[in-house]
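# Structural features, examined
Each chain is listed here by its residues.
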Amino acid sequence: MIGVDFRNRGPAEQVQEAITGLFVRARTFRSGLIVIGILFAFVFFEAIRLTSALSNMQELERQRDVLRIKVQNIQIQVKAISDRRAALLAALERRRSNVDLATTIAAASDLVATSMALTQLRVAPGGFEVEGRGTNLTDIRASLARLESMFDGSATFELNRDEMGSSAVSFRFDIVRK
Amino acid sequence: MNFAFLAFSTLIAFCSLVGFESALAGVDTRAMALTLEIAAQNKALLSGESAGRSAISIESGIRRLHLADSPRQQIMMLFADLEAIGGRRNVKITSFRHEVNTRYDVTVEGEYPATLAALADLSASHVAAQTSRVLFDRADGHVRAAFSLDVFRLGDASAHNHVP
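Residues numbered from 1 in each chain as written. Chains lettered and ligands numbered in written order. Predicted model: local features only at pLDDT ≥ 70, side-chain atom pairs only at ≥ 80, totals over all residues.

### Some words on the overall build of chain A
- Broken down by element type, chain A carries two helices and four strands.
- Across chain A, helices and strands are ordered from the amino to the carboxyl terminus as α-β-β-α-β-β. (Helix = DSSP H or I, 4+ residues; strand = E, 2+ residues; numbered from the N terminus.)

### Notes on the overall build of chain B
- Assigned secondary structure in chain B consists of four helices and four strands.
- The buried share of chain B, taken over its 164 residues, is 28%.
- Here the contacts in chain B between residues at least 6 apart in sequence split such that 54% fall between residues at least 24 apart. (Buried ≥ 20, exposed ≤ 12 C-beta atoms within 10 Å, placed from the backbone. Contact = placed C-beta atoms within 7 Å.)

### What about the interface of chain B and chain A?
- Listed per partner, the contact involves 57 residues of chain B and 57 residues of chain A.
- Elements that contribute at least two residues to the side of chain B that touches chain A include exactly α1 (3-64), α3 (112-121) and β3 (129-139) of chain B.
- Examining the composition of the side of chain B that touches chain A, we find that 31 residues originate from one element, α1(B), more than from any other.
- Of the residues that constitute the side of chain B that touches chain A, the class distribution is 33 nonpolar, 17 polar and seven charged. (Nonpolar A, V, L, I, M, F, W, Y, C, P; charged D, E, K, R; others polar.)

### With respect to the nonpolar core
- Core analysis: the largest hydrophobic core is formed by 46 residues, its most contacted members being A:Ile105, B:Leu67 and B:Leu119.
- For this core, the leading source of residues is helix α1 (residues 11-113) of chain A, giving 11 residues. (Core = buried A, V, L, I, M, F, W, Y, C linked by C-beta atoms within 7 Å.)

### Structural notes on α1(B)
All names here are of chain B.
- Helix length check: α1, at 62 residues, gives a terminal C-alpha distance of 90 Å against a target of 92 Å (1.5 Å per residue), a fit within 8%.
- Of all the bends in α1, the greatest, near 25°, is centred on Ser54.
- Within α1, burial applies to Ala13, Phe20, Gln41, Ala51, Ile58 and Ile62. (Expected span 1.5 Å × (residues − 1). Bend = angle between axes of the 7 residues up to and from the residue.)

### Some details on the packing of helix α2 (residues 71-89) of chain B against α3(B)
Residue and element names in this part refer to chain B.
- Across the interface, α2 lies against α3 with an axial gap of 10 Å and an inter-helix angle of 145°. Of the two elements, α2 crosses α3, and the hand of that crossing is right-handed. Residue-level inspection shows Ile85, Gly86 and Arg89 of α2 in contact with α3, the latter providing Ala114, Ala117, Ala118 and Asp121.
- A per-class count over the contact of α2 with α3 returns four nonpolar, one polar and two charged. (Axes fitted to C-alpha atoms, helices over the stretch in contact; angles between N-to-C directions. Left-handed = near helix turned anticlockwise from the far one by under 90°.)

### Observations concerning the confidence of the model for chain A
- Residues at a pLDDT of 70 or more form 69% of chain A, whose mean pLDDT is 77.
- Strand β4 (residues 167-174) of chain A is the least confidently modelled element of chain A, averaging 63 in pLDDT, while α1(A) averages 85, the highest of any element. (pLDDT = per-residue confidence, 0-100.)

### Quick word on the confidence of the model for chain B
Residues and elements named next belong to chain B.
- Taken as a whole, chain B shows an average pLDDT of 85; of its residues, 93% reach a score of 70 or greater.
- At the level of individual helices and strands, chain B shows its lowest average pLDDT in helix α4 (residues 156-159), which scores 42, and its highest in strand β2 (residues 103-111), which scores 91.
- With pLDDT under 50 throughout, residues 156-164 is counted as low confidence; its partners more than four residues away or in other chains account for 15 contacts.
- Listed scores for the predicted complex are pTM 0.65 and ipTM 0.74.

### Some words on unusual backbone geometry
All names here are of chain B.
- Of note in the backbone geometry, His66 takes a positive phi value of approximately 55° without being a glycine.
- Summarising the element assignment, His66 is placed in the loop between α1 and α2.
- The backbone of Asn90 sits at a positive phi, close to 60°, despite the residue not being glycine.
- You can see Asn90 is positioned in the loop between α2 and β1 (92-98).
- Residue classification places Asn90 among the exposed residues on the basis of 12 C-beta atoms within 10 Å.

### Structural notes on α2(B)
All names here are of chain B.
- An ideal rise of 1.5 Å per residue puts 27 Å on 19 residues; α2 measures up with 26 Å between its terminal C-alpha atoms.
- Where α2 is concerned, the buried positions are Gln74, Leu78, Leu82, Ile85 and Arg89. The buried side chains of α2 occupy one side of the element, clustering within an arc of 70° when seen end-on. Turned more than 90 degrees from where α2 packs its buried face, Arg72, Gln73, Glu83 and Gly87 sit exposed.
- Asn90 sits one or two positions beyond α2 and adopts a positive phi of about 60°. (Arc of directions from axis to C-beta.)

### Some points on the pairing of strand β4 (residues 142-151) of chain B
Residue and element names in this part refer to chain B.
- On β4, burial follows the alternation: Val143, Ala145, Phe147, Leu149 and Val151 on one face are buried, whereas His142, Arg144, Ala146, Ser148 and Asp150 on the facing-out side are not.
- Alignment of β2 against β4, held across nine bridges, turns out to be antiparallel. Among the inter-strand pairings, Arg103 is bridged to a residue of β4, identified as Asp150. (Pairing = 2+ DSSP bridges.)

### Quick look at the pairing of β2(B)
Residues and elements named next belong to chain B.
- Sheet topology places β1 next to β2; six bridges connect them, and they run antiparallel. Bridging from a neighbouring strand, His98 pairs with Tyr104 of β2.
- Where β1 folds back onto β2 in an antiparallel hairpin, the turn is made up of four residues, including Asn101, whose phi is positive at roughly 50°.

Structure, rendered in structure tokens:
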């Protein structure tokens with residue numbers, strides 16, 4: 001608080017003091033205004049920055065929402081594509097398995113036919129069953145052993161010998177695919 | 001200029017500055033998170049577009065294998081294939097019977113190697129058909145093979161699900 005004591009002063013002095021006081025008050029007022037002005041200018045500048053940042057964020061949110069919808073649609077389409085690709089690959093794999101089957105039949109029947117007359121071969125998923133007739137038990141057992149080594153599986157078989165000395169063999173062979 | 005007024009104004013201005021700065025920091029953080037999210041979504045869009053391009057070849061494969069055809073069209077195609085294979089391998093088709101759903105029982109007769117080759121030829125059929133449950137009677141080089149053919153077909157929902 002700036003004050004002027006007019007007591008014990010002459011008129012001229014009092015006027016001078018008064019004018020000086022006014023100038024001092026004016027300077028103080030101006031300085032105060034400048035300080036407050038600068039501070040509020042900062043505040044104004046910050047407000048503009050904040051408004052701009054908020055506007056920018058709203059634009060980003062709008063872009064994000066648009067993209068989110070697009071991505072959701074794309075994800076649905078990608079899922080459909082993925083399902084169809086899986087179905088196509090499964091179909092191709094199933095079609096290709098015919099070669100495996102023919103190869104299996106050829107290998108098994110050729111191997112067994114060296115030791116017995118093959119009468120029937122049933123192929124089912126997971127293995128096959130063979131029926132045949134042979135006379136030489138040693139050869140038959142050797143064939144089964146070779147089958148086991150070839151297909152990495154196990155054979156369970158029945159052997160019945162008839163009056164003529166011929167052995168009727170039927171066995172089940174379960175393949176463990178390598 | 002009152003000191004109290006000056007102090008009060010300064011205090012108000014500082015408080016406003018602090019408030020705006022903290023709000024700006026929050027907005028900047030949120031904007032950064034949004035930018036990252038947008039980048040991730042753009043990446044997902046790009047990968048989706050590349051998947052869309054591969055869809056063309058997938059659809060072509062599905063058409064080539066008649067996976068989306070009606071059962072009637074598939075039967076016609078399968079029988080035509082069997083006849084072609086039989087003619088090529090000199091194997092006779094003695095029966096062709098429709099069992100449940102997409103299963104067909106087929107019997108073929110012919111020379112032993114030719115019959116095996118005919119079975120293997122099914123892997124090049126126009127229809128994706130898998131042979132199973134083969135009954136293979138072999139005598140004196142002559143073979144009768146009875147087998148089940150399972151024809152692969154896309155489900156109704158997926159068959160009519162149009163992919164761009």
